[in-house]
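Spelled out from the first residue to the last, the chains are:
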Amino acid sequence: MNCKAKHNPWSSVAAVLAGTLLLVATCAAEGFTFREGQVRQEADRLVVNARLDLQLSDASAEALDRGIPLEILFEFRLLKPRWWIVWDKLLKEWTLRARLEFHALSNLYLVTLPNDSEARAFPSRADALDYLGTLSHISLPAPAAGEDRFDLALRARIDVDALPAALRPMAYTLSGWRLKSKWKKWALER
Amino acid sequence: MGARALIRFLVGPVPGVAVTLSLLVAVFLLSSAARQEAFGEHYTLLLIVNLIGIAALLLLIAFNVARLVGHLRRRELGSRLTLRMLGFFVPIALIPLALVYYFSVQFISRGIDSWFDVRIEQALNDALLLGRTSLEAIKEDQLQRVRDALPTLSELGSDRDLVRELDLLRERAGFSEITLFARNGRVLAYSSESSGALMPTRRPTKGIVDQVRSGTDYANFEPAVGGGLDLRVVVPVFAPGPSLRMLQVVHPLPLRHARLGESVQAAFAEYERFSYLRAPLKFSFVLTLTLVTLMTLLISVWAALYFAQRLTAPIGDLAQGTRAVAAGDYETRLPVASSDELGVLVQSFNDMTDKVRLSQSQARDSQRSAEEQHLYLDTVLAHLSSGVVALDPSGGVRTSNAVASQILAVDLQPGAGLGELAGTEPRLQLFADAIRSGIAGDQPEWESEVALFGSRGRQILLCRGSRLPGGGHVVVFDDITALIQAQRDAAWAEVARRLAHEIKNPLTPIQLSAERIRHKYLGRLEGSDKEHLDRATRTIADQVESLKSMVNAFSSYAQPQRMQMENVDVHQLIEDVAELYRSVNLKISLQLDPAARDLRADRGRLRQVLNNLLTNARQALGTTADAEVRIITRRSSGDVGSFLELVVEDNGPGFPRDKIGNIFEPYVTTKEKGSGLGLAIVKKIVEEHGGTQWAENPPAGGARLTMRFPLAGNVGAVARIDDPRENIA
């Protein structure tokens, strides 16, 4: 939280060049990883329990500590595999959005889930991320009748578009902000 | 599209303009995306599109530069000028752009930095620290109050006692909510100042539970529902038995403290957020500025390349066209690409080449006409039977026809002077003198007859000269030797015929009279008279007989003979005749060319030729030691066909120099008793066969007589003279 450091004007130019190189070099920094999970079919619902290891990069952790709220998306996709093509058919998708922010006065990390009436406070970032990475009893509607074989995919990522406008070019450019997990797929049969 | 069309397309304006427009749109969209106005979700794509556009522009520039380097290496016209213009244009664009970029980066950095004040930052930090200290004091106070209440709670057992005791504790201590949890997190008792609340608003998180289980109290302020801060305290409650309980107390911060705290938190958070965004903000601005600058730079370089090439193209075309004209290509036309001064210059060049081409065409036509006239004159001159020599004013040969060289038997080279001609060929001295005399005179035309003497005998030329307009002279001359000779031969033939007629007639009565006198009076006379008469009549008879022989010879010479033409083996004939003349004192050697063997001729008359020549040779050699006669045949070719040459030469004294010119005329003889008709008859027979002959004294000594007979197939090419008199007529 020290913002006294004097900024060299050309550091931005260097950052632009470095960012351009990094953008070209890599787009696959893996900060979020899937640890374990299961999907259970209950009547016409799919109940997901999963644990993801959410590790912030230095850049995103610094932004969080400096008052920038982060929005983490949990994306669910219902897919129908197609034997004749690599890409699956997208049947339906849902997004679960969670907000993580730092409260400087209380020195707590606050997590706000869509269905929660109030934020949950955590004394450490690790606690907050651990809470965020635990998905319990996420209930999703099952596909319509006729879809006997289908896949459910899950991915977590930081929503860069939800960042402040000034931060987005850097977030788009630098790999430290490209935090997202790989898609985890469950093959299901009705 | 062929490679040439592709290159023409790449160096044209379309790719550069298209990439430029695309880049402008992409940069605009990127700028909008950065400001979160629109296209935010496509920011990365737009950034990549920009980079691809810049790369495309770079490739376009690299292609143009490589092409220019190739032109420079090949020293193509206009390439150096293009490079020079590029050297002007690029710095003009680059230097201001670099300056603007430098100061813009500085301005952006300093401008954004100026938004932040160190003192404000310090004040906010201090305020936050003060707030935290104040809250810490409140927290410690509340924590102590909770701890004070713990002994009472530890002694309680039943749920009913717990709820009542919690109510008393909450009311006594002024807590807003108090909850007792079991070890497993179950709510054992709950008390709230809100009468409607049945369950606690918060439950201890796993971290709090772990902390409390480890024996450490938890106390912290947490944002409350609806704003403000709540103080949550969680402490362990050691009840009888093994189970651990946790007491959670939630107490809202006093309103005044809460407002102040929220104010400090909000202000600090806002400032901190802005402070953090300072670097990303600079990054965003500098990224856009860099892209725009790079794009502008590349567009400027490309435009400099394009316009430099476009400007120098007409100059290069002009230089190339000038070289083509210098090389004689007047068909070159340059494209007029503009209406400016360069266009006017190119149009003027095209007009000039048109005029030059027209002049060149006219000159070519004139030259062709002159050449045709020259060729015409050459043809006419070449087919003239007269020799023609054009002289310059100083007397040097300017030009001549082939007949002139043939008549003079010298190779007349242009530039040779008359003096030089006479120097190399002394026999032409009279000819040169006659011409000098003619051109030195005042008359525009002159005529002169010149007699030349050489190894081929006497040659008579009739020369006519004329003064040419513009200086110089033309001399036309004919070899009239044959003409004069023919006239002379005709005269002699006429004389012979008259002699035969006028003399032979009285000879018979004379002879008869003499015999009659002899017959009548010889028996009557005696002594010296008888002897005198006998001698006189015999003399008369002998002389008459001699006269008759002479007249018969003349008659034979004068009368035309009927030719008995047949294929004659000349070699066989020569060997037969030569055998008759071979003797101890005369050696006859033959050099016979197999290619000159057959001749269509009158065998008898050809034999007479050989007889006459060998008789003459034998008489000429007389008592010469090692007397030898060589008979040579050979085949020769000339402009008018092939000939059989028959040469008879001896090693005698040769022809007298004063007679060699008319040795073939009748009565010309070198012998005391010769009739003078031997060679004249030879000449006549040769000419009856369409041939020619000449006599000469070889440099090695002796006499040589050469006869040239036309071979079958080209007899018509040589004048055939059956009767000299008819020819004269």
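Residues numbered from 1 in each chain as written. Chains lettered and ligands numbered in written order. Predicted model: local features only at pLDDT ≥ 70, side-chain atom pairs only at ≥ 80, totals over all residues. Heavy atoms only, no water.

**A look at the overall build of chain B**
When you go through chain B residue by residue, the secondary structure sums to 18 helices and 17 strands. When burial is assessed residue by residue, chain B has 43% of its 729 residues classed as buried. Sequence separation of at least 24 residues holds for 58% of the intrachain contacts in chain B that already meet a minimum separation of 6. If you sum the accessible surface of chain B, you get close to 39500 Å²; carbon and sulfur atoms cover 57% of it. (Helix = DSSP H or I, 4+ residues; strand = E, 2+ residues; numbered from the N terminus. Buried < 20%, exposed > 50% of the residue type's maximum accessible area, 1.4 Å probe, protein only. Contact = heavy atoms within 4.5 Å. Areas by Shrake-Rupley, 256 points an atom, 1.4 Å probe, with all protein chains shown as cover.)

**Considering the overall build of chain A**
Regarding its fold elements, chain A presents four helices and nine strands. Start at the N end of chain A and walk to the C end: the helices and strands fall as α-β-β-α-β-β-β-β-α-β-β-α-β. The burial tally for chain A puts 47% of its 190 residues in the buried class. Accessible area of chain A: about 9300 Å², with a carbon and sulfur share of 52%.

**Some thoughts on the packing of aromatic side chains**
Residue and element names in this part refer to chain A. A complete count under the given rule lists seven aromatic pairs over all chains for this structure. With 5.6 Å between their ring centres and 75 degrees between their planes, Phe34 and Trp186 make a pair best called edge-to-face. Here Phe34 is found in strand 1 (residues 32–42), whereas its partner Trp186 is found in strand 9 (residues 184–189), with 152 residues between them in sequence. Since its relative accessible area comes to 24%, Phe34 is described here as partly exposed. (Phe/Tyr/Trp six-rings, centres within 6.5 Å; stacked < 30°, edge-to-face > 60°.)

**Observations concerning the pattern of salt bridges**
Residue and element names in this part refer to chain A. For the structure shown, the criterion picks out 39 salt bridges over all chains. The salt bridge involving Glu93 is made with Arg77; its shortest N-O contact spans 3.2 Å. Placement of the pair is Glu93 in strand 4 (residues 89–103) and Arg77 in strand 3 (residues 70–80), with a sequence separation of 16 residues. Owing to a relative accessible area of 44%, Glu93 belongs among the partly exposed residues under this scheme. (Salt bridge = Lys/Arg side-chain N within 4 Å of Asp/Glu carboxyl O.)

**A word on the packing of helix 8 (residues 255–326) of chain B against helix 9 (residues 341–382) of chain B**
All names here are of chain B. At their nearest, the axes of helix 8 and helix 9 sit 10 Å apart, and the two run at 15 degrees to each other. Overall, the two elements helix 8 and helix 9 adopt an arrangement that is roughly parallel. Our pair here, helix 8 against helix 9, has a crossing hand that is left-handed. Counted together, Leu311, Pro314, Ile315, Leu318, Gly321, Thr322 and Val325 of helix 8 and Leu342, Leu345, Val346, Phe349 and Thr353 of helix 9 form the full contact between these two elements. Across the contact of helix 8 with helix 9, the residue classes tally to nine nonpolar, three polar and no charged. (Axes fitted to C-alpha atoms, helices over the stretch in contact; angles between N-to-C directions. Parallel < 35°, antiparallel > 145°, perpendicular 65-115°, else oblique. Left-handed = near helix turned anticlockwise from the far one by under 90°. Nonpolar A, V, L, I, M, F, W, Y, C, P; charged D, E, K, R; others polar.)

**Regarding the packing of helix 15 (residues 570–581) of chain B against helix 16 (residues 603–621) of chain B**
All names here are of chain B. One can describe the packing of helix 15 onto helix 16 by two numbers: an axis separation of 10 Å at closest approach and a directional angle of 35 degrees. In the packing of helix 15 onto helix 16, the handedness of the crossing is right-handed. Contacts between helix 15 and helix 16 involve Leu573, Ile574, Val577, Ala578 and Tyr581 from the former and Arg603, Leu606, Arg607, Leu610, Asn611, Leu614, Thr615 and Arg618 from the latter.

**Section: the sheet that holds strand 8 (residues 149–158) of chain A**
Residues and elements named next belong to chain A. Taken together, the six strands give an open sheet; going across it, the order is 6-5-4-3-8-9, and neighbouring strands pair in antiparallel fashion. A single partner strand is all that each edge strand has here, and the edge strands are strand 6 (120–122) and strand 9. Pairwise comparison of adjacent strand axes, ignoring direction, gives a mean angle of 20 degrees for this sheet. When strand 8 meets strand 9, the two strands line up antiparallel, connected through six bridges. Bridge assignment links Arg149 to a residue of strand 9, and that residue is Glu189. Along the sheet, helix 2 (residues 58–65) makes contact with strand 3, strand 4, strand 5 (108–112) and strand 8, crossing strand 4 at roughly 55 degrees. The sheet contacts of helix 3 (residues 125–132) involve strand 3, strand 4, strand 5 and strand 6, and relative to strand 5 the element is tilted by about 15 degrees. (Pairing = 2+ DSSP bridges.)

**Description of the sheet that holds strand 2 (residues 45–54) of chain A**
Residues and elements named next belong to chain A. Taken in spatial order, the three strands line up as 1-2-7 in an open sheet, and their pairing is antiparallel. Two strands lie at the open edges of the sheet, namely strand 1 and strand 7 (134–141), each paired on one side alone. Across the sheet, the mean angle separating the axes of adjacent strands is 20 degrees when strand polarity is ignored. Both strand 2 and strand 7 contribute to a ladder of six bridges, which runs antiparallel. Of the residues in strand 7, the one forming a bridge with Arg45 is Pro141. Contacts from helix 3 reach strand 2 and strand 7, with the element oriented near 25 degrees to strand 7.

**Re the pairing of strand 2 of chain A**
All names here are of chain A. For strand 2, the tally of buried residues reaches seven of 10 residues, placing the bulk of the element in the interior. Of the pairings in the sheet, the one linking strand 1 to strand 2 comprises 10 bridges and is antiparallel in character. Across the sheet, the residue bridging to Thr33 is Asp53, located in strand 2. Here strand 1 folds back onto strand 2 in antiparallel fashion, the turn holding two residues, of which Ala43 has a positive phi close to 55 degrees.

**As for the nonpolar core**
Generally speaking, soluble globular proteins have nonpolar side chains that are buried together. Counting residues in each nonpolar core, the largest one holds 90 residues, and the members touching the most others are Leu54, Leu56, Phe74, Phe76 and Leu100 of chain A together with Leu247 of chain B. Ranked by the residues each element gives to this core, the list is headed by helix 8 of chain B, at nine residues. No fewer than three residues from each of domain 1 (3–115 + 279–324) and domain 2 (122–253) of chain B sit in this core. Ignoring any residue separated from it by four or fewer positions in sequence, one finds Leu54 of chain A in contact with Gly31, Phe32, Ile72, Phe74, Leu129, Leu132, Gly133 and Ala156 of chain A. (Core = buried A, V, L, I, M, F, W, Y, C linked by side-chain atoms within 4.5 Å. Domains from an automatic or database assignment.)

**Notes on helix 2 of chain A**
Regarding helix 2 of chain A, the residues found buried are Ser60, Ala61, Ala63, Leu64 and Asp65 of chain A. For helix 2 of chain A, the elements touching its buried residues are strand 3, strand 4, strand 5, helix 3 and strand 8 of chain A together with helix 8 of chain B. Of the residues trailing helix 2 of chain A, Gly67 of chain A is marked for its positive phi of about 100 degrees.

**Notes on unusual backbone geometry**
Despite not being glycine, Ala43 of chain A has its phi angle at roughly 55 degrees, a positive value. With a relative accessible area of 76%, Ala43 of chain A lands in the exposed category.

**Some points on the pairing of strand 2 (residues 187–192) of chain B**
All names here are of chain B. Most of strand 2 is tucked away, with six of its six residues classed as buried. Alignment of strand 1 (residues 177–181) against strand 2, held across five bridges, turns out to be antiparallel. Bridging across to strand 2, Leu180 finds its partner in Ala189. Where strand 1 folds back onto strand 2 in an antiparallel hairpin, the turn is made up of five residues, including Gly185, whose phi is positive at roughly 95 degrees.

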